[in-house]
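The residues making up each chain are set out below.
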Amino acid sequence: MPIPPPTFTSPHGAASGHARLVLRGIGKVYPTVIANDEVDLTVRAGEIRAILGENGAGKSTLMKIIYGVTHASSGRMFWEGEEVVVASPAHARKLGIGMVFQHFSLFETLSVVENVALALPGRPVLDELAQRIVEVSARYGLPVDPRRHVHALSVGERQRVEIIRCLLQNPRLLIMDEPTSVLTPQAVRTLFETLRQLAAEGCSILYISHKLDEIRALCHTATVLRAGRVTGECIPAQETAQSMARMMIGKDLPHCEHGPATAGGEVRLRLAGLSHAADDPFGTDLRDIHVDVHAGEIVGIAGVSGNGQQELLRVISGETPLAEKFPVQICGVEAGRLSPGKRRRLGLAFVPEERLGRGAVPAMSLADNALLTAAHSQQLVRAGFVRFGRAHDFARRCIDQFSVRCGGTGAAAKSLSGGNLQKFIVGREILQAPRLLVCAQPTWGVDVGAAAFIRQAIIDLRNRGCAVLVISEELEELFEICDRIAVIARGRLSPARAASASTIEDIGVWMSGLWPGAEAAGAAPEAAHA
Amino acid sequence: MLELEARAEPSRPMSWLSPLLAVALMLAGGLVVFAALGKDPLDGFRVFFLNPVKDLHAISELLLKATPLMLCAIGLAIGFRANVWNIGAEGQFMLGAVAAAGVALHFGDSGRALVLPAMVVAGALGGAAWAAIPALLRTRFNASEILVSLMLVYVAQLFVSWLVFGPWKDPDGFNFPQTRMFGEAALMPALVEGTRLHFGFMIALAALVAGYAFLNRSHAGFRMRVAGEALEAARYAGFSTTRMIWVGLLLGGAAAGLAGMGEVAGPMGQLTDKVGSGYGFAAIIVAFVGRLNAFGILLASLLMALLYIGGEQAQQYLNLPNSISMVFQGMLLFFLLGADVFIDYRLRVRRRAAQGH
């Protein structure tokens, strides 16, 4: 992917800024785990420093200590040369530290502008603030409507709100925890321009990401964490993605094997002129969607989040049943009015975007969570009673075959890290040997090793003759695993094109709704709407 | 300085210790209350908590009192697990009593053996029918089952009053608001000769076993627990929320109706306007003190029955107002909610000096 090289080229530039933030021997001990151990870190003025590490390496904990969300068990922190104890995020913001979280810290029942107002000191006038939000969002290419309520926003839109909220406070240190996962390539470039500009103005940036290419393009320096300890430092521009991955996971990165698709498989999923008005007034209406997914192929749907992905997934899964039968056809059966359970019996398996609370019940054990969707396919219920032994065995298989790190089948779903829970859910769905797998954001927030594993598992499933539909906001991922790719924009779906015949650039343009033939059908009503 | 620290995961032992802790604190609080009222605390303790279990007769009265609490609470627990908030067990209890009384008044003198089973069925159906109203309104019009079921309690109370002041009034009852006494065939057989403890206690125990099997072993119970824990996950898995609302309310109503039947066919032997004596509301506390779990509910209903009888005893022997038992119920719930904090948090002593700068 052609990302411009860092504009910050002077080798002495980063080193010449004064040390703005210095950590000495920071440690954090939780009741069951040591998250940080003797971490030293220096961030200079105007420096963009990457923090690299697998899930669970202690990156997020370290950032939370700097931002005052949690307190270090040991060690010292210096800000602009003075020792500080950051008592709270409000204190951190007063010092000039801003943070964009990986897991969003927004109040769902409040509007965007109200959420932003809460993070600002004093009592801002909401109308003026809304105006500033519109300005900042336009300047940095992060479109968001300040009057919308957060609960109606997609994951991607929520992240935009987080970024805007930080930028409004003119921070001197900006901490960004995986900010680009949901942006188009063009928007990533815009964001990088913004970050470089901020750095040139003297702002320091701590940048957490799994995307090694991005780190190479953006960051001046990188600190690598493994199991809570600093295991190395590097200058990303002088490294390859492979060499950085090695520093991170201690071994070479696994690579996905992707043979050609079996041609001419039967149609397992057909969306035939699917239209659906969103139940939520802020949702996206789906309009005249056509696509076929055949046995033995992986079809990907790209798009910036909030363009109808959530609505489309719910219509396919049956969580939003339709009034008519024909628009959703699963394995040859017109299924538009069937419940999610009946669709599963036709051979559908589904990995939703949210893991905790939708794909898994947080407080329940993994055995119970295996029972959640596998009751019928694995015969876990007899005469109305649960066969707990079998549920336990099936959960055991998911854990073993997908290398889920957990405390056994009795561990509560919420005790797992995000990546491990995702592996468990993907495993639970794949091991039911579905005829059609629908998968949303298969590797969102999952570390590189686990992501490669999940992608390979999906490809293996397709090689066994399953039809797979993947909806993802990560283009590299779609290009890595998909046979054909379509783009969703404003509730419309582009034609699916062979991945080998497309470039990331083309798809990026399509993501704004401009695919061949789209003008006639879609652009006109949009213009009228605007 | 004391500090609450979040636990990595909820403590299982604590979720069982918390009710015991609450009981202990309630007892301690009780001693203070007795002392403050100018009574000898130990004497008060003896009257309140030991008298109700002092001999076989006292214990039979305790079990008699616990029977309707058990039945109502296990039914409610099924709905509560799925976040179906049936607050109107009291009304369903009364309608169960009314339906059973109707059968008894019409067929009670026929002397047939089928009368009592028919009353059991009628009681369950009466309670379920009353609970069906909030279920229908909730599933059709999204009306809050909390409000509807609660308001129907007062409708039920007025309906009972109308019956016993009007069409069902005992013609030879000196104008008291009550029906005729039921015939022998319409009365629950005694479990222990010479006491009032009746067969309804066995029905309640059976309901606890059935409730355990449903909640902890059946797939339907699993689906309800999922819906209570994470509604989105229940939708994702394809569990019908509409069906859960119906199941939760109908089972809760049927159990409460059975309890009402047990009261009119047991200790009362007739229907009066005093049939609803608060069991349906007290059962809400019982269900939560019992952790929405069959075994816990068994213990909690015995405890609650003890508080009721202890209150009567305190009135009789200590000259205390009967509302003393409400004070104890309130303390129990208060301490339980307080102790529940320690399921998710632990107490830590933290030295302030280590943090200063």
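Keep in mind that this is a model prediction, so the values were computed, not measured.

Participant: Honestly, helix α2 (residues 41-50) of chain B in this entry has me stumped. Any pointers?
Facilitator: Residues lying three or four places apart along an α-helix face the same way, a consequence of the helix completing one turn every 3.6 residues. Residue and element names in this part refer to chain B. Residues Gly 44, Val 47 and Phe 48 constitute the buried set of α2. On an axial view of α2, the arc spanned by its buried residues comes to 90°, and they lie on one face. Turning to α2, the residues buried within the fold contact α1 (12-36) and α12 (294-318).

Participant: Explain the packing of α1 of chain B against α2 of chain B here, please?
Facilitator: Two measures define how a pair of helices packs: the angle their axes make with one another and the distance between the axes. Residue and element names in this part refer to chain B. Remark: α1 packs on α2, axes separated minimally by 8 Å, with the N-to-C direction vectors making an angle of 120°. Comparing their axes, α2 and α1 come out oblique. Once α1 is placed against α2, the crossing between them reads as right-handed. When α1 is examined against α2, the residues Gly 30, Leu 31, Phe 34 and Ala 35 are found in contact with a partner set consisting of Pro 41, Gly 44, Phe 45 and Phe 48. The residue makeup of the contact of α1 with α2, split by class, is 6 nonpolar, 2 polar and no charged.

Participant: What exactly am I supposed to notice about the domain arrangement of chain A here?
Facilitator: Residue and element names in this part refer to chain A. Each assigned domain of chain A is listed here: domain 1 (16-95 + 210-253) and domain 2 (267-347 + 434-529). For domain 1 and domain 2, the distance between their C-alpha centres works out to 37 Å. In this complex, domain 1 contributes 6 residues to the contact, which on the side of domain 2 involves 5 residues. The residue makeup of the side of domain 1 that touches domain 2, split by class, is 3 nonpolar, 2 polar and 1 charged.

Participant: Quick question: what am I supposed to make of the environment of Gly 79 of chain B here?
Facilitator: With respect to the helices, strands and loops of the structure, Gly 79 of chain B is situated in helix α3 (residues 56-81). It is 30 Å that separates the C-alpha atoms of Gly 79 of chain B and Ile 59 of chain B, two residues lying 20 residues apart in sequence.

Participant: Mind showing me how you'd approach the pairing of strand β4 (residues 74-79) of chain A here?
Facilitator: On a regular strand, one side chain projects to one face of the sheet and the next to the other, so that they alternate. All names here are of chain A. When strand β1 (residues 19-29) meets β4, the two strands line up antiparallel, connected through 5 bridges. Note that in β4 the partner of Leu 23 across the bridge is Met 77. In this structure, β4 lies alongside strand β5 (residues 82-84), joined through 3 bridges in antiparallel fashion. Note that in β5 the partner of Met 77 across the bridge is Val 84. Two successive antiparallel strands, β4 and β5, enclose a turn made up of 2 residues, where Glu 80 displays a positive phi of approximately 50°.

Parameters and conventions
- Residues numbered from 1 in each chain as written.
- Chains lettered and ligands numbered in written order.
- Predicted model: local features only at pLDDT ≥ 70, side-chain atom pairs only at ≥ 80, totals over all residues.
- Buried ≥ 20, exposed ≤ 12 C-beta atoms within 10 Å, placed from the backbone.
- Helix = DSSP H or I, 4+ residues; strand = E, 2+ residues; numbered from the N terminus.
- Arc of directions from axis to C-beta.
- Contact = placed C-beta atoms within 7 Å.
- Axes fitted to C-alpha atoms, helices over the stretch in contact; angles between N-to-C directions.
- Parallel < 35°, antiparallel > 145°, perpendicular 65-115°, else oblique.
- Left-handed = near helix turned anticlockwise from the far one by under 90°.
- Nonpolar A, V, L, I, M, F, W, Y, C, P; charged D, E, K, R; others polar.
- Domains from an automatic or database assignment.
- Pairing = 2+ DSSP bridges.

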